[in-house]
Protein chains: 2
Amino acid sequence: MPKLEVAYSPDLYKFYENKEAIVVVIDVFRATSAICTAFHHGIEAMIPVESVEEALDYKNKGHIVAAERKGEVVEGFQLGNSPFHYMSEKLTGETTVITTTNGTRAIEVSRSAHQVIVGSFLNLAAISNYLLIQNRDVLLLCAGWKGRYNMEDSLFAGAVVHQLLQNNFDADLSDSAVTAKHLYQSSNGDLNSFLKDSSHRRRLGKLSLEKDIQFCLQTDYTNVIPVLKNDRLVAMSC
Amino acid sequence: MPKLEVAYSPDLYKFYENKEAIVVVIDVFRATSAICTAFHHGIEAMIPVESVEEALDYKNKGHIVAAERKGEVVEGFQLGNSPFHYMSEKLTGETTVITTTNGTRAIEVSRSAHQVIVGSFLNLAAISNYLLIQNRDVLLLCAGWKGRYNMEDSLFAGAVVHQLLQNNFDADLSDSAVTAKHLYQSSNGDLNSFLKDSSHRRRLGKLSLEKDIQFCLQTDYTNVIPVLKNDRLVAMSC
């Protein structure tokens, strides 16, 4: 029976590490939502890097580079992690580099897994359907906030667990997966109200990013599944 | 406004570390339930140590020593972490040493906090009332299972958050505290049914520890609050 597990922080990844698993990296506000949006709009590839220094090296070599820290575009870079930065036709067919506070770190720690894919509410159904078909171990990896647990990522993890169980995915659930499912069910499908007191939402609210929040909480905006191939994310060809 | 936070694993403690906080160490199955039981039955002090080696040193010096790993009493030791081991009159007034798989590690990482107290469903009301009166930062620290998240500890954390909010404790909640509260509310007060599929419960079930599970899920068995004073736990004098 496949395992269906959730790690609530990249710092807990080591306790769930499983080379046989498909890892779904989750950073709802906003890195993985932005990545899904970018592929929906035709970007060719995105190279995730962990540090601003690495990102700067790429920038100095002439690459298009996105760098976000503390919710804002790092000074000197062209793009951040707002989904709205990735809707431009100028990016179609391009390869960009990206570093974010939490999301790229989650990709980094899980590189050795069977497969690493990128999830957000924007591609919820696509992710769930893909996992159903694969029928193998799944680890939903929440990027969290600087190592801490956050609600929006586990809420998405819970939505995936819920959809898989609704579709009779027969799996051995970790306690974290059971809890994420309960959390999602507690929301009664109203993600926006449910998250109104979450810490990250308040943080983004202070930065006037309400429009981004609304965008990231849409479900099934795209069918694209970004997948890690060697050093870069590309759109999965189904 | 005081902070009310939950760390789901000792490995996440560093992200919540707060020298001003009262830390409540939680290891429902079974270390903190056993410790609460021991003080209820009149033990004088318990010295928590992290490793079996340290425990063995104490044993060789003639101390009464409890050592548990993987749910069982370590070979050569007198006691484990079953609450039923701590009801004997022979322990009244005694000082024992204890090491367990998860609980003693949680005590170890939080030593530098303002105060470290020991919580379990057995002293839920006592803990909640004490925190209400103190009206300062609270960190509920779940021992988890070998670094992983577990349901029973966060369920207890959620019960404390629920009780504090019911009593108008005005606090700044972490996302983990909000989620724990939702989890507790999802249980509708039926802890036993709610935890029936939890991983640790299944683990203990295999060891025929159903009686221990039932005991640990009782609420308000005692008013005792064990508190860390220097190297040892003692009963708080109220």
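Use the structure listed above.
Residues numbered from 1 in each chain as written. Chains lettered and ligands numbered in written order. Predicted model: local features only at pLDDT ≥ 70, side-chain atom pairs only at ≥ 80, totals over all residues. Heavy atoms only, no water.

### Thoughts on the layout of surface pockets
Here's step 1: Reported here for the largest pocket is a volume of approximately 290 Å³.
Here's step 2: Considering the residues around the largest pocket, the lining is formed by 16 residues, among which R148(A), S199(A), R202(A), R203(A) and L173(B) are closest to the centre.
Here's step 3: When contributions to the lining of the largest pocket are tallied by element, the ones reaching two or more residues are α9 (199-206) of chain A together with β1 (3-7), β9 (172-173) and α7 (175-186) of chain B.
Here's step 4: Residue contributions to the lining of the largest pocket peak at four residues, all from α9(A).
Here's step 5: Each residue belonging to the lining of the largest pocket can be placed in one class, and the counts come to four nonpolar, four polar and eight charged. (1 Å grid on protein atoms, 1.4 Å probe; cavity = no way out; pocket = protein on both sides within 12 Å on 5 of 7 lines; lining within 4 Å. Points joined across faces, edges and corners; volume = space filled by probe spheres on them. Helix = DSSP H or I, 4+ residues; strand = E, 2+ residues; numbered from the N terminus. Nonpolar A, V, L, I, M, F, W, Y, C, P; charged D, E, K, R; others polar.)

### Quick look at empty space enclosed by the protein
Residue and element names in this part refer to chain A.
Here's step 1: One pass over the structure, following the stated rule, counts two cavities of 30 Å³ or more.
Here's step 2: Classifying every residue of the lining of the largest cavity gives three nonpolar, five polar and three charged.
Here's step 3: Empty space within the second largest cavity amounts to approximately 40 Å³.
Here's step 4: Lining the second largest cavity we find D27, F29, R30, E68, G71, N81, T101, N102, W145, H200 and L204.
Here's step 5: Broken down by class, the residue content of the lining of the second largest cavity amounts to three nonpolar, five polar and three charged.

### So, the interface of chain A and chain B
Here's step 1: Taken together, the 29 residues of chain A in the interface contact 29 residues of chain B.
Here's step 2: Each partner contributes to the roughly 2300 Å² buried at the junction of chain A and chain B, and carbon and sulfur atoms together form 54% of this total.
Here's step 3: Taken together, the connections running from chain A to chain B amount to four salt bridges.
Here's step 4: For the salt bridge of D11(A) with K14(B), the shortest nitrogen-to-oxygen distance reads 3.9 Å.
Here's step 5: Run the count over chain A and chain B and you get 11 residue pairs in polar contact (both at pLDDT 80 or more).
Here's step 6: Listed by contribution, the elements that provide at least two residues to the side of chain A that touches chain B are α1 (13-16), α6 (151-166), β9 (172-173), α7 (175-186) and α9 of chain A. (Contact = heavy atoms within 4.5 Å. Buried area = accessible area lost by both parts, 1.4 Å probe. Salt bridge = Lys/Arg side-chain N within 4 Å of Asp/Glu carboxyl O. Polar contact = N/O pair within 3.5 Å; in protein donor to acceptor, adjacent residues only side chain to side chain.)

### Things to note about the packing of aromatic side chains
All names here are of chain B.
Here's step 1: A full pass over the atoms with the stated rule returns 11 aromatic pairs over all chains.
Here's step 2: Summarising the aromatic geometry, the rings of Y8 and Y149 are spaced 5.0 Å apart at their centres and angled 80° between planes, so their arrangement reads as edge-to-face. A residue pair is termed long-range when its members are at least 10 positions apart, and Y8 in the loop between β1 and α1 (13-16) and Y149 in the loop between β8 (138-142) and α6 (151-166) qualify at 141 residues. Y149 matches Y8 in its accessibility class, with the two residues each being buried.
Here's step 3: With 5.2 Å between their ring centres and 55° between their planes, F84 and F215 make a pair best called tilted. (Phe/Tyr/Trp six-rings, centres within 6.5 Å; stacked < 30°, edge-to-face > 60°. Buried < 20%, exposed > 50% of the residue type's maximum accessible area, 1.4 Å probe, protein only.)

### Details of the environment of I213(B)
Residues and elements named next belong to chain B.
Here's step 1: Mapped onto the secondary structure, I213 falls in helix α10 (residues 210-216).
Here's step 2: The class of I213 is buried, set by a relative accessible area of 0%.
Here's step 3: Apart from residues lying up to four places away in sequence, I213 is in contact with F29, R201, L204 and G205.

### Notes on the pairing of strand β1 (residues 3-7) of chain A
Residue and element names in this part refer to chain A.
Here's step 1: In terms of residue burial, β1 counts as a mostly covered element, since four of its five residues are buried.
Here's step 2: Sheet topology note: the β1/β9 ladder contains two bridges and is parallel. Bridging from a neighbouring strand, L4 pairs with L173 of β9.
Here's step 3: Bridging between β1 and strand β8 (residues 138-142) involves four bridges; their strand directions are parallel. Of the residues in β8, the one forming a bridge with A7 is L141. (Pairing = 2+ DSSP bridges.)

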